[in-house]
Amino acid sequence: MKFAKSQKSAGLLLSTLLASVASMPFVATAQTTAPAPAAAEPASPHTFSTNVGLVTDYRYRGISQSRLKPAISAGADYSHENGFYVGAWASSIKWIKDGGGDGNLELDLYGGYKFNVTKEISLDVGCLAYVYPSNALAINANTQELYAAATFGPATLKYSHSLSTLFGFEKSKSSGYLELNGNFDLGDSLTIVAHLGRQSVKGRVLGVSNSQYSYTDYKLGVTKDFSGFVVGAALVGTDTDAYLGKGKNLGKNTVVLSVSKTF
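Rules used in this analysis
- Residues numbered from 1 in each chain as written.
- Predicted model: local features only at pLDDT ≥ 70, side-chain atom pairs only at ≥ 80, totals over all residues.
- Heavy atoms only, no water.
- Helix = DSSP H or I, 4+ residues; strand = E, 2+ residues; numbered from the N terminus.
- Buried < 20%, exposed > 50% of the residue type's maximum accessible area, 1.4 Å probe, protein only.
- Contact = heavy atoms within 4.5 Å.
- Areas by Shrake-Rupley, 256 points an atom, 1.4 Å probe, with all protein chains shown as cover.
- 1 Å grid on protein atoms, 1.4 Å probe; cavity = no way out; pocket = protein on both sides within 12 Å on 5 of 7 lines; lining within 4 Å.
- Points joined across faces, edges and corners; volume = space filled by probe spheres on them.
- Salt bridge = Lys/Arg side-chain N within 4 Å of Asp/Glu carboxyl O.
- Patch = residues over 30% accessible without salt bridge, like charges linked within 9 Å, V, L, I, M, F, W, Y side chains within 5 Å.

(A) The overall build of the protein chain, seen in detail. Check the secondary structure of the protein chain and you find three helices and 18 strands. Residues classed as buried in the protein chain amount to 29% of the 263 residues present. For the protein chain, the proportion of contacts with a sequence separation of at least 24, taken over those separated by at least 6, is 48%. As displayed, the protein chain offers around 16100 Å² of accessible surface, 64% of which is attributable to carbon and sulfur atoms.

(B) Inspection of the layout of surface pockets at higher detail. A volume near 550 Å³ is recorded for the second largest pocket. If you go around the second largest pocket, you meet 26 residues; those closest to its centre are Ile63, Trp95, Phe167, Phe169 and Tyr243. Mapped onto the lining of the second largest pocket, the elements with two or more residues apiece are β3 (63-64), α3 (95-98) and β16 (244-245). With three residues, the single largest contributor to the lining of the second largest pocket is α3.

(C) Representation of the pattern of salt bridges. Scanning the entire structure with this criterion turns up four salt bridges. Asp57 is paired through a salt bridge with Arg59; the nearest N and O atoms lie 2.8 Å apart. Judged on exposure class, the residue Asp57 and its partner Arg59 are both buried.

(D) Quick peek at unusual backbone geometry. In this structure, Asp188 is a non-glycine residue whose phi angle is positive, near 55 degrees. Relative to the assigned elements, Asp188 resides in the loop between β10 (176-187) and β11 (190-200). The phi dihedral of Lys246 falls on the positive side, at around 55 degrees, and the residue is not glycine. On the secondary structure map, Lys246 appears in the loop between β16 and β17 (248-249).

(E) A look at the side chain of Ser73. Within the fold, Ser73 resides in strand β4 (residues 71-80). On the accessibility criterion, Ser73 (15% relative accessible area) is buried. In this structure Ser73 touches Asn51, Val52, Gly53, Trp89, Ala90 and Ser91, once residues within four positions along its chain are discounted.

(F) Representation of a nonpolar patch on the surface. Side chains of Leu54, Ile72, Phe226, Phe229, Val231 and Val259 sit close together on the surface and give an oily, nonpolar patch of about 530 Å² of accessible area. One can find Val231 in strand β15 (residues 229-238).

The quantities given are spatial measurements derived from coordinates; they are silent on function.
Written out as structure tokens, the structure is:
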């Protein structure tokens, strides 16, 4: 019968197809299955970085440390996600030799703790040691300070308090430095930097107050990040001529150019 014959042919075709599928290698089926995504590695709580820099004049608190000449620097930092950090930074200098010593290096060692008080305000407290190998001055130039800073938006207010004599000034323990810094992001990796500071030198030597060495310093500049290389230019100056190096006023107004890279 025609209908029965057609039914028999269809059954035979279906059996042949099922047998063909069953005989396919498993690997062919597996190739059509998407691989399971790899598990993401947890982020490390530790951060390490290094940096190098070059400036046309190394100014610290407005005073040239390199006798108005270029200086090179390098540093390394470690921080933990809980806010703890330590670091070291070194730069070439000239003022120790100008003062009769032998050293031409400044080494800064620091550590501290950063934490948030509110969503808008963060605090940073720590200590910093300025080390001048072979400084051989009448009063040891090595200096230790405690500092505390509060940041709100682009502005940071910071105070540093010396636990030792301050950079070779006799009987200058407990001197202080108060500063206000601003970093204003203009977009496109362009930042305006502004700074105003006041260095107060404490103590008296032979009846003469060290306050004659107190002064105000300021800076206004701009930085630009070029694929990790940060280039900057800033007007830096002070209101004092009490700091001299080889007869040069180390606190005079000048434009400082800089380039740095963090790895």
